[in-house]
Amino acid sequence: MRIAIAGCGQLARMLALAGWEMGHQFSFIADPGEGTDCVAGLGPVCAWDPNTSIVELYGELGQPDVVTIEKEHVDIDLMEGLAEHCLVAPSPEAIRVCQHRGREKTLLQSLGIMTASFHLVEDAPALIDAVNNVGYPAFVKSCEQGYDGQNQWHLKDSAALDALAQQMPSLPPLVVEGAVHFDRELSLIAARSVSGDIALYPLAENRHREGILLTSEVPAPNVPDSTLEQATQIAHTLLEHWSYIGVLSIELFDEGGKLRVNELAPRVHNSGHWSQDADVTSQFSNHIRAITDCRPGNPTPSGYTGMVNLLGRSADRSLSSADDISLHWYTKSIRSRRKVGHLNVRASERQQLQRRLSEIEAALYPDNEPL
Ligand code: AMP
């Protein structure tokens, strides 16, 4: 089939590499100024801005059978326009909700899924009221375009609130969240096909540094049945609500065995990269299978697996050539904090995996220096 991907980053690259093996052909939609190094050589790249005709773009893309996304910040008018010509998966409506934290949390609440307590605010008095309501520390995030800890404020006291309130006239709409005193962060990657077949990967336990994902361990350790049941219920509720097609990623806070959704991503996710080297059908292959109406393949690894991100640095040969490590390099230039690749790790026992994750992290990020 012909598949077009909106976005030209590493997720588009890994989706296309997985889809090539199945004989699909790819083209890519680039926003103005978007870097395209990651998808060089994988198919035509078509520039898009709101003045471009959608019919012409559809032709330039090679009249794809399916359009999908590698990022949620895509033009919804474009997705709706393309949906008049072919399948757009996930649906423009699912993307529209997930690209705005306020819409997303409101939907989760209406579906009975727990989140942090939250308020949507657009001016300084509403911000002050909301922070007084949720208490300190408060997490303030822009409703749109925030990722990897960007466009976020962690307010510890009223001085920090006053400083932010003064900037308010120039800030976009915000969501104010109460702090969740979680024990750990988990994520669930789910896939649903055109025909409604569902596959859920095991929960990943994720650790972050400076708001950016650093490591994932899979399956997450010490997961009681009740936690697994909650996660499964959350995934099924969302997938069925949207009749969702493709991979949906769900970031969770585990607070004493109670799960709250932090964020949804209507796409493949960094915390699912381990699946490329774990003797399962990877999240990339399963996304392509789902949108081309094939049943998702096996998501359950038999051993233990993990991932360490390469943030603003490469891995030396001793790491990239180790027997239990697979390097994935995105062909991007290296900049501080930038995700430029990742290392997947396999082990037959959990302790061994945990030891290797610590060793790799220590080798890549000595002395816990800032990223
Ligand atoms: P986000 O961009 O929403 O994924 O937030 C980045 C990171 O900030 C998360 O991975 C958490 O570690 C932390 N964080 C975000 N929101 C909250 C919250 N309401 N309570 C506690 N920690 C949070």
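How each quantity is defined
- Residues numbered from 1 in each chain as written.
- Predicted model: local features only at pLDDT ≥ 70, side-chain atom pairs only at ≥ 80, totals over all residues.
- Heavy atoms only, no water.
- Core = buried A, V, L, I, M, F, W, Y, C linked by side-chain atoms within 4.5 Å.
- Buried < 20%, exposed > 50% of the residue type's maximum accessible area, 1.4 Å probe, protein only.
- Helix = DSSP H or I, 4+ residues; strand = E, 2+ residues; numbered from the N terminus.
- Domains from an automatic or database assignment.
- Pairing = 2+ DSSP bridges.
- Axes fitted to C-alpha atoms, helices over the stretch in contact; angles between N-to-C directions.
- Contact = heavy atoms within 4.5 Å.

Glancing now at the nonpolar core. Ranked by size, the top nonpolar core spans 34 residues in total, and within it Ile5, Phe26, Phe28, Trp274, Phe284 and Ile291 carry the most contacts. Among the elements of the structure, strand S1 (2-6), helix H1 (10-21), strand S2 (25-30), strand S10 (184-192), strand S13 (212-218) and helix H9 (283-291) are those that each provide at least two residues to this core. For this core, the element with the most residues is H1, which contributes 6 residues. Mapping this core onto the domain boundaries places at least three of its residues in each of domain 1 (2-88) and domain 3 (184-368). With 24 residues, the next largest nonpolar core counts Leu188, Ala220, Ile234 and Ala235 among its residues.

Following the sequence through the fold, Pro169 ends up in the loop between helix H7 (158-167) and strand S9 (174-178). When the C-alpha atoms of Pro169 and Ala124 are compared, they prove to be 7.5 Å apart, with 45 residues separating the residues in sequence.

Its domain assignment divides the protein into domain 1 (2-88), domain 2 (117-178) and domain 3 (184-368). Placing the centre of domain 1 and that of domain 2 at their C-alpha centroids yields a distance of 34 Å.

Bringing the sheet that holds S9 into the picture now. Reading across the sheet, the 4 strands line up as S6-S9-S7-S8 and stay open at both edges, with antiparallel pairing between neighbours. Strands at the two margins of the open sheet, each flanked by one partner only, are strand S6 (118-121) and strand S8 (152-155). Adjacent strand axes in the sheet meet at a mean angle of 20 degrees, parallel and antiparallel pairs treated alike. Pairing geometry for S6 and S9, over 4 bridges, is antiparallel. Paired with Val121 across the two strands is Leu174, which belongs to S9.

Our next topic: the sheet that holds S2. As summarised here, the arrangement of the 5 strands in space is S3-S2-S1-S4-S5, forming an open sheet in which the pairing is parallel. Of all strands in the sheet, those with a lone pairing partner are strand S3 (45-47) and strand S5 (87-88), marking the two edges. Of the pairings in the sheet, the one linking strand S4 (residues 66-69) to S5 comprises 2 bridges and is parallel in character. Counted as the bridge partner of Val66 is Leu87 from S5. Contacting S1, S2 and S4, H1 crosses the sheet at an angle of about 165 degrees to S2.

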